[in-house]
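# Working through the structure, step by step
Listed below, chain by chain, are the residues.
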Amino acid sequence: MVYGPQTEPEAEPEATRRDTGDAESSRASRGWWDRNADEYQSEHGTFLGDDRFVWGPEGLDEAEARLLGSTESLSGLDVLEIGAGAAQCSRWLAAQGARPVALDLSHRQLQHALRIGAGFPLVEADAGALPFADASFDLACSAYGAVPFVPDPVRVFREVRRVLRPGGRWVFSVTHPIRWAFPDEPGPEGLSVAASYFDRTPYVEQDEQGRAVYVEHHRTIGDRVRDVVAGGFRLLDLVEPEWPAWNSQEWGGWSPLRGHLIPGTAIFVCERSETGAPSPGGAPGGRG
């Protein structure tokens, strides 16, 4: 959505695959979510609810999944939600007695959080440079926030580890890596492999000047596991939600047709490792 008057319609961005770094990815993500927050909340707000904790388009609800722990155990805990959007998940956490902080890169998304109502802090910041003291939180979570949009997820994970207290849990969901091999289409045309699963070249939408306006980064399952370990965590579980019979909606490339055949979401349940601080440098097994 474009704010303010305009004399002519904007050209559609060009979709391509090319390398992009931290600064360009961050700038593109902030701009895209600021421009599209209104449309996103209008289109998906009913499904997400004002105070539900939904892990992805399948509709897996934290109230049932309990990936952060039992609902009773959340009371009194300090919880950081990264890539919070309109803070629906934080609102649910607050209703369980937790003390959430909702962080997002997009100012417009956080305005929607204010519109719905937030009796907890809202913070506009980059997930790779969290503005919190060490050991500030008991839990951290992210439902499709931040992680898919950064070229160096290990940097984010190390920041999350830094602000977590010993034994703290970090749970995040992303597009299931296998989906990168298939077209982003909800119908039958999205069921045939169209690209290499091992091609880690980022997906980029760019304007007429070649500037990225949307960026998403691909990591394989193995990459994600190595990133978790390099970030200073132990992987406790990897959840691949099945598409439930009650969910008839299509959300981009997610649909009942595809969801009954291949996974669309991967949820990583991690715990802060206490075996020592992570060593400098990236995770092994990168591009190539």
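Quick summary incoming for the structure in this document. Keep in mind the model is a prediction, meaning the values are calculated, not measured. (Residues numbered from 1 in each chain as written. Predicted model: local features only at pLDDT ≥ 70, side-chain atom pairs only at ≥ 80, totals over all residues. Heavy atoms only, no water.)

### Remarks on the sheet that holds strand 7 (residues 203–206)
An order of 1-7-8 is seen for the three strands of this open sheet, with the pairing classed as antiparallel. Each edge of the open sheet carries a strand with a single partner, namely strand 1 (14–17) and strand 8 (212–216). This sheet shows a mean twist of 20 degrees between the axes of neighbouring strands, independent of strand direction. As paired strands, strand 7 and strand 8 are joined by four bridges and run antiparallel to one another. Pairing of Glu205 across the sheet is with Tyr214, part of strand 8. (Pairing = 2+ DSSP bridges. Helix = DSSP H or I, 4+ residues; strand = E, 2+ residues; numbered from the N terminus. Axes fitted to C-alpha atoms, helices over the stretch in contact; angles between N-to-C directions.)

### Examining the nonpolar core
One finds Leu80, Ile82, Phe132, Val160, Trp170 and Phe172 to be the most contacted residues of the largest nonpolar core, which totals 27 residues. In contact with Phe172, not counting residues within four places along its chain, are Trp55, Ser142, Val147, Phe157, Val228, Ala266, Ile267, Phe268 and Cys270. Judged by nonpolar contacts, the second largest core, of 17 residues, contains Trp92, Ala98, Cys141 and Val239. (Core = buried A, V, L, I, M, F, W, Y, C linked by side-chain atoms within 4.5 Å. Buried < 20%, exposed > 50% of the residue type's maximum accessible area, 1.4 Å probe, protein only. Contact = heavy atoms within 4.5 Å.)

### Notes on helix 4 (residues 107–116)
Those residues of helix 4 not exposed but buried are Gln109, Leu110, His112 and Ala113. End-on, the buried residues of helix 4 take up no more than an arc of 150 degrees, which puts them together on one face. Exposed residues lying more than 90 degrees from the buried face of helix 4 are Leu114 and Arg115. Along its buried surface, helix 4 packs onto helix 1 (22–48), helix 3 (88–95), strand 3 (99–104) and strand 4 (122–124). N-capping of helix 4 is provided by Ser106, with a side-chain oxygen placed 3.4 Å from the backbone N of Arg108. Backbone geometry just after helix 4 places Gly117 at a positive phi near 120 degrees. (Arc of directions from axis to C-beta. Polar contact = N/O pair within 3.5 Å; in protein donor to acceptor, adjacent residues only side chain to side chain.)

### A look at the packing of helix 1 against helix 4
Contact geometry for helix 1 and helix 4: axes closest at 7 Å, N-to-C directions at 35 degrees. Residue-level inspection shows Trp33, Asp34, Ala37, Asp38, Tyr40 and Gln41 of helix 1 in contact with helix 4, the latter providing His107, Arg108, Gln109, His112 and Arg115. Partitioning the contact of helix 1 with helix 4 into residue classes produces three nonpolar, four polar and four charged. (Nonpolar A, V, L, I, M, F, W, Y, C, P; charged D, E, K, R; others polar.)

### A closer look at the pairing of strand 8
Here strand 8 lies mainly inside the structure; five of its five residues are buried. Where strand 7 folds back on strand 8, the antiparallel hairpin that results is connected by five residues, among which Gly210 adopts a positive phi of roughly 80 degrees.

### A short note on the packing of helix 5 (residues 153–163) against helix 6 (residues 221–230)
Interhelical geometry of helix 5 versus helix 6 gives an angle of 40 degrees and a closest axis separation of 8 Å. On the basis of the axis angle, helix 5 is oblique to helix 6. The way helix 5 lies across helix 6 gives a crossing that is right-handed. Contacts between helix 5 and helix 6 involve Pro153, Val154, Phe157 and Arg158 from the former and Arg224, Asp227, Val228 and Ala230 from the latter. Its residues assigned to classes, the contact of helix 5 with helix 6 comprises five nonpolar, no polar and three charged. (Parallel < 35°, antiparallel > 145°, perpendicular 65-115°, else oblique. Left-handed = near helix turned anticlockwise from the far one by under 90°.)

### A look at the packing of aromatic side chains
Inspection of the entire model under this criterion finds 17 aromatic pairs. Aromatic pair Phe132 and Phe137: ring centres 5.1 Å apart, planes at 85 degrees, arrangement edge-to-face. Accessibility classification places Phe132 together with Phe137 in one group, the buried group. Taken together through their ring pairs, the aromatic side chains of Trp32, Trp33, Tyr40, Phe47, Phe149, Tyr203, Tyr214 and Trp251 make up a single cluster. Geometry around Phe47 places Arg52 over its ring, the cationic atom sitting 5.8 Å from the centre. (Phe/Tyr/Trp six-rings, centres within 6.5 Å; stacked < 30°, edge-to-face > 60°. Lys NZ or Arg CZ within 6 Å of the ring centre and 35° of its normal.)

### Focus on the side chain of Thr175
Inspection of the secondary structure puts Thr175 in strand 6 (residues 164–175). The exposure class of Thr175 is buried, given its relative accessible area of 14%.

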